[in-house]
Amino acid sequence: MANSLQTSSSTTTARLSLRSPSSDSGLDSGLRSISFPLKSLKFLTRQVVIKQPNKSRRTTELVVKAMEVDISLSPRVNSVKPSKTVAITDQATALVQAGVPVIRLAAGEPDFDTPAPIAEAGKNAIREGYTRYTPNAGTIEIRQAICNKLKEENGISYTPDQILVSNGAKQSIVQAVMAVCSPGDEVIIPAPFWVSYPEMARLADAKPVILPTHISENFLLDPKVLESKLTEKSRLLILCSPSNPTGSVYPKRLLEEIAQVVAKHPRLLVLSDEIYEHIIYAPATHTSFASLPGMWERTLTVNGFSKAFAMTGWRLGYLAGPKHFVSACGKIQSQFTSGASSIAQKAGVAALGLGYAGGEAVSIMVKAFRERRDFLVKSFGELEGVKISEPKGAFYLFIDFSSYYGTEAEGFGKIENSESLCRYLLDEGQVALVPGDAFGDDSCIRISYAASLTTLQAAVERIKKALLLLRRAVPV
Ligand SMILES: Cc1ncc(COP(=O)(O)O)c(C=O)c1O
């Protein structure tokens, strides 16, 4: 019920004051005064009878109704695709909750618990009241620990003012893209790529330029292809090694060749996403791009705790790079989220204290991932018409199932592409996987082997059984 209405002189807003709830009116309202965009309101009056204990009173009430709201969104949002990995994971979770025994191999998340000493450090942080805002860039303690790690494990020297700790590596990457790209700049992304890179470029009004790689070349970028695609608009090359979704690891020699191409383009920076660096299978080794001659000045190194330390929910990642760029990212972060969780930062310090490359806690997980990789490569390698590039790191297998496209299953219809194959495998086999088109390669599908060996055995059986039901469509 309103008893006064003021409109601003610009007539774009209305301020509505509401009568204080009188003790005898029997009506109550917590609202006192609200402002609305005038355009969105419709004003009507109506006669109402207010019943009171001894009498009734007739009064006129001003009824304010919201009109249809303009639900248009910014072109920036409209240009971005939602993450398919998140959508499929959510769909599979909903099916499990509805009682369908789906095996979920879609998520990019280790199935291990956060190692106990890390979790303990988080608990201690809470117990000791370490629960306040930290500096925007992260505590000096964690930034110093990150500098030590980067020096010892990666051979790159940074000072704490060249480190920015964020709420996950995802935030580190999007901020870096936003900080360095101007509208119309090109972001060079080898495919298959992590789903978020092109969308982050779009969010920054930059243009993703996708460079395909091939399974026969272990999905590694050919420096000649890179060279042929660079223009004066090329601003950022995103490299991810070990890679999500392929598990490929760039050998040092190849990175050196790429560095030589990069060095010819003064405008070109490199974002090196090294979040899977510890999940790597010997004899493969990890090389940080910034450690290559002449590359420190133009490399933004991103890393995080989610994958190696099984800390996805703690939301902790970081960026290391020349101060000029890191400060720019920090400026965005200061207006966006501020510093990462104080508790997660304490846990991060404990993670970095576990020893070289995460010590035993991480090597136990890597050993398990390796066993699973070997099992999957062998199992799918037995299937005719399937192409595999053996992953050298991360916990994904990106398999070429395109020889099944054009087949059909009774009651399902035709398998047209990676999307319909994944839908079929979810319907028929009850296994949730991610179609390769989400990663820029429609011939493949991604299997995340962040699941126990027993679960993977069951999944392989289901997938093989479902594939056996597919028949080549008879041309009409
Ligand atoms: C290649 C890659 N980079 C970055 C991230 C972001 O990780 P987080 O934000 O959990 O640190 C992920 C997560 O899936 C990833 O796969």
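For the structure itself, consult the block above.
Right, let's walk through the structure included here. Treat the numbers as computed from the prediction; the structure is a model and nothing was measured.

Thresholds, definitions, all that
Residues numbered from 1 in each chain as written. Predicted model: local features only at pLDDT ≥ 70, side-chain atom pairs only at ≥ 80, totals over all residues. Helix = DSSP H or I, 4+ residues; strand = E, 2+ residues; numbered from the N terminus. Expected span 1.5 Å × (residues − 1). Buried ≥ 20, exposed ≤ 12 C-beta atoms within 10 Å, placed from the backbone. Pairing = 2+ DSSP bridges. Near = placed C-beta within 6 Å. Nonpolar A, V, L, I, M, F, W, Y, C, P; charged D, E, K, R; others polar.

### Overview of helix α11 (residues 359-381)
Then comes step 1: Between the first and last C-alpha of α11 there are 32 Å, a value that for 23 residues agrees with the 33 Å anticipated at 1.5 Å per step.
Then comes step 2: When α11 is considered as a whole, its buried residues turn out to be Val 362, Met 365, Phe 369, Arg 372, Arg 373 and Leu 376.

### Overview of the sheet that holds strand β20 (residues 471-472)
Then comes step 1: In space, the three strands of this open sheet follow the order β16-β15-β20, with antiparallel pairing throughout. A strand with exactly one partner marks an edge of an open sheet, and here the two such strands are β16 (413-414) and β20.
Then comes step 2: Of the pairings in the sheet, the one linking strand β15 (residues 407-409) to β20 comprises two bridges and is antiparallel in character. Considered in β20, the bridge of Glu 408 is made with Arg 471.

### Brief notes about the sheet that holds strand β14 (residues 396-400)
Then comes step 1: Ordered by their spatial adjacency, three strands build an open sheet running β14-β19-β18, and the pairing between neighbours is antiparallel. At either margin of the open sheet sits one strand with a lone partner, and together these are β14 and β18 (434-435).
Then comes step 2: Alignment of β14 against strand β19 (residues 444-448), held across five bridges, turns out to be antiparallel. Note on β19: the bridge partner recorded for Asp 400 is Cys 444.

### Quick look at the site of the ligand
Then comes step 1: Gly 168, Ala 169, Lys 170, Gly 304 and Ser 306 are the nearest of the 13 residues found near the ligand.
Then comes step 2: Residue composition of the shell around the ligand, grouped by class: four nonpolar, seven polar and two charged.

### A look at the environment of Arg 104
Then comes step 1: By the secondary structure assignment, Arg 104 is in strand β6 (residues 103-104).
Then comes step 2: Arg 104 sits in the buried class, given 23 other C-beta atoms within 10 Å.
Then comes step 3: Separated by 351 residues in the primary sequence, Arg 104 and Thr 455 place their C-alpha atoms 9.2 Å from one another.

Functional significance is not addressed by these values, which are geometric in nature.
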